[in-house]
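Breakdown of the fold
Spelled out, the chains give:
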Amino acid sequence: MPDPAARAAAEEASAFSHPAVPPDASAAYGGHPDQVIDFYAPRDGRTRAPLVVALHGGAWRAPYDRQHLTPFVDYLARRGFAVANVEYRRGSDIPRQGGAAPVGGRWPETFDDVAAALDALPGLATAHLPQADVGRIVLTGHSAGGQLALWAAARHVLPPGSPWRLPAPPALRGVVALAPIAHFGRAVELGVCGGAVAELLGGASSYEERAAHTDPAVLLPTGIATTVVQGRTDVDVPYAVADAYADAAAKAGETVGVTLLEEVGHFPLIDPAADACAVVAEEIAQLAW
């Protein structure tokens, strides 16, 4: 049996080995340099293609931006999708006192940005990606980006008074969340991403209050078709997190599809060279078409 750490490292190296793919167009949704969306046209020349909105992972930390997701985004474009790759503000490059890693997330800017990007997206896509059918939008996101995708689809069930709350469900075909940090309580128990969840929410003093507005496992049911794709051998976001989210959904009266891939870790889901990436594209197609 392969060493889990060595296997995970090899999978990560493969996913990050592909060169970044430049977009066909970009548009700002705000004044900050990170408030930008890159657009990728379907490579087969089709028009009125479903629009996949992608949110990158990286534990909501500054060093990990949308560039590492561009090979995956290009892969989807080559499968006939129009794609929007969303950037958003993330945590500081400087670790907290006593910490070793950059801080996970900026409160409330990370969530301000995702909400603003999704609100602006139909108009920006119409202007900058005319091949996109904004009536057929599927959200996807990897790891921390999977949490943000689930959250963006749940804004209509946010607590009253939340600045991000929508009056009605967003117009989505569905969500395909890839190894998402989808259940904050379980993620904290397992120490996912070196405590990034607690950092995202500002530490123990504000955890409970802010989790009520951001934890996908408590923002249920959404009424929006949702699928989680998860590798069983994922050591970065273990499949127990996805299981906990699916259980929370079931208790709320909602069914979440879980596609569990054997002998697959965290990064093959976004690696165009991995078979798992084709599974992800098919799950998106099931909702988009």
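Here, every reference points to the structure presented above.
In short, a report on the structure.

Rules used in this analysis
Position numbers for residues start from 1 in each chain and track the written sequence from start to end. For a predicted model such as this one, the threshold for reporting local features is a pLDDT of at least 70, and the threshold for listing and counting side-chain atom pairs is 80 or more; totals across whole chains, interfaces and linings nevertheless cover every residue. Side-chain descriptors were evaluated using all non-hydrogen atoms of the structure, hydrogens and water having been removed beforehand. Runs of H or I in DSSP of at least four residues are treated as helices and runs of E of at least two as strands, each being numbered from the N terminus. Throughout, the radius of gyration refers to the C-alpha atoms, and the reference size of a globule is 2.2 Å times the residue count to the power 0.38. Between two residues, a contact is recorded if the distance between any of their heavy atoms is within 4.5 Å. To measure how exposed things are, a 1.4 Å probe is used in the Shrake-Rupley method; for residues, cover is taken only from the protein chains shown. Only four residue types enter the charge count: Lys and Arg as positive, Asp and Glu as negative, with His and the chain ends excluded. The atoms used to mark charge sites are NZ of Lys, CZ of Arg, CG of Asp and CD of Glu. Definition used in this section: a nonpolar core is a set of buried Ala, Val, Leu, Ile, Met, Phe, Trp, Tyr and Cys residues joined via side-chain atoms within 4.5 Å. Under the scheme applied here, a residue whose accessible area is under 20% of the maximum for its type counts as buried, over 50% as exposed, and between as partly exposed, the area being computed with a 1.4 Å probe on protein chains only. When a carboxyl oxygen of Asp or Glu is within 4 Å of a side-chain nitrogen of Lys or Arg, the pair counts as a salt bridge. Put simply, two rings from Phe, Tyr or Trp (the six-membered ring, in Trp's case) pair if the centres are within 6.5 Å, and we call them stacked under 30 degrees between planes, edge-to-face over 60, tilted for the rest. Whether a charge lies above a ring is judged from NZ of Lys or CZ of Arg, which has to be within 6 Å of the ring centre and within 35 degrees of the ring normal. At least two bridges found by DSSP between two strands are what make those strands a pair.

Turning to the overall build of the protein, a few remarks are in order. Each helix and strand counted, the protein has 9 helices and 8 strands in total. Compactness check: the protein gives a C-alpha radius of gyration of 17 Å against a globular reference of 19 Å for 289 residues, within 12% of the reference. Principal-axis analysis of the C-alpha atoms gives the protein an extent of 50 × 50 × 40 Å. For the protein, long-range pairs separated by at least 24 residues make up 76% of all intrachain contacts whose partners lie at least 6 apart in sequence. In the form shown here, the protein has an accessible surface area of approximately 11,300 Å², with 53% of it arising from carbon and sulfur atoms. Computed over 20 positive and 32 negative side-chain charges, the inter-centroid distance for the protein is 5 Å.

Judged by nonpolar contacts, the single largest core of 64 residues is most densely connected at Ile37, Phe39, Leu51, Leu139, Trp151 and Ile181. Looking at this core element by element, the count peaks at 8 residues for helix α3 (residues 109-128). Not counting residues within four places of it along the chain, the set of residues in contact with Ile181 comprises Trp60, Ser143, Ala144, Gln147, Ala187, Val192, Cys193, Val197, Pro216, Val237 and Val241. Grouped together as the second largest cluster of nonpolar side chains are 31 residues, Val52, Leu76, Val229 and Ala276 included.

Tallied over the entire structure, the rule returns 17 salt bridges. The partner of Arg43 in a salt bridge is Asp74, and the shortest N-O contact between them spans 3.2 Å. A residue pair is termed long-range when its members are at least 10 positions apart, and Arg43 in the loop between β2 (36-40) and β3 (49-55) and Asp74 in helix α2 (residues 70-78) qualify at 31 residues. One salt bridge connects Asp113 with Arg89, and the closest N-O pair in it is separated by 2.8 Å. Of this pair, Asp113 sits in helix α3 while Arg89 sits in the loop between β4 (82-86) and α3, and the two are 24 residues apart along the sequence.

Time to look at the packing of aromatic side chains. In total, this model carries 8 aromatic pairs according to the counting rule given. Measuring from centroid to centroid gives 5.6 Å for Trp107 and Trp164, while their planes differ by 85°, and the two rings are edge-to-face. Taken as a pair, Trp107 in the loop between β4 and α3 and Trp164 in the loop between α4 (144-152) and β6 (174-178) lie far apart in primary sequence, 57 residues in all. Under the relative-accessibility criterion, Trp107 is labelled partly exposed at 25%. A relative accessible area of 6% places Trp164 in the buried class. Taken together through their ring pairs, the aromatic side chains of Trp107, Phe111, Trp151 and Trp164 make up a single cluster. Just above the ring of Tyr239 sits the side chain of Arg232; from NZ or CZ to the centre is 5.0 Å.

With that settled, consider the pairing of strand β7 (residues 226-231). Here β7 lies mainly inside the structure; 6 of its 6 residues are buried. Burial along β7 is two-sided: the residues Thr226, Val228 and Gln230 and Thr227, Val229 and Gly231 are all buried. As paired strands, β6 and β7 are joined by 4 bridges and run parallel to one another. Residue Ala177 lies in a different strand from β7, and its bridge partner there is Val228. Pairing analysis gives 5 bridges linking β7 to strand β8 (residues 257-261), with the strands arranged parallel. The residue bridging Val229 from the neighbouring strand is Thr259, located in β8.

None of the figures reported here should be taken as evidence of function without further support.
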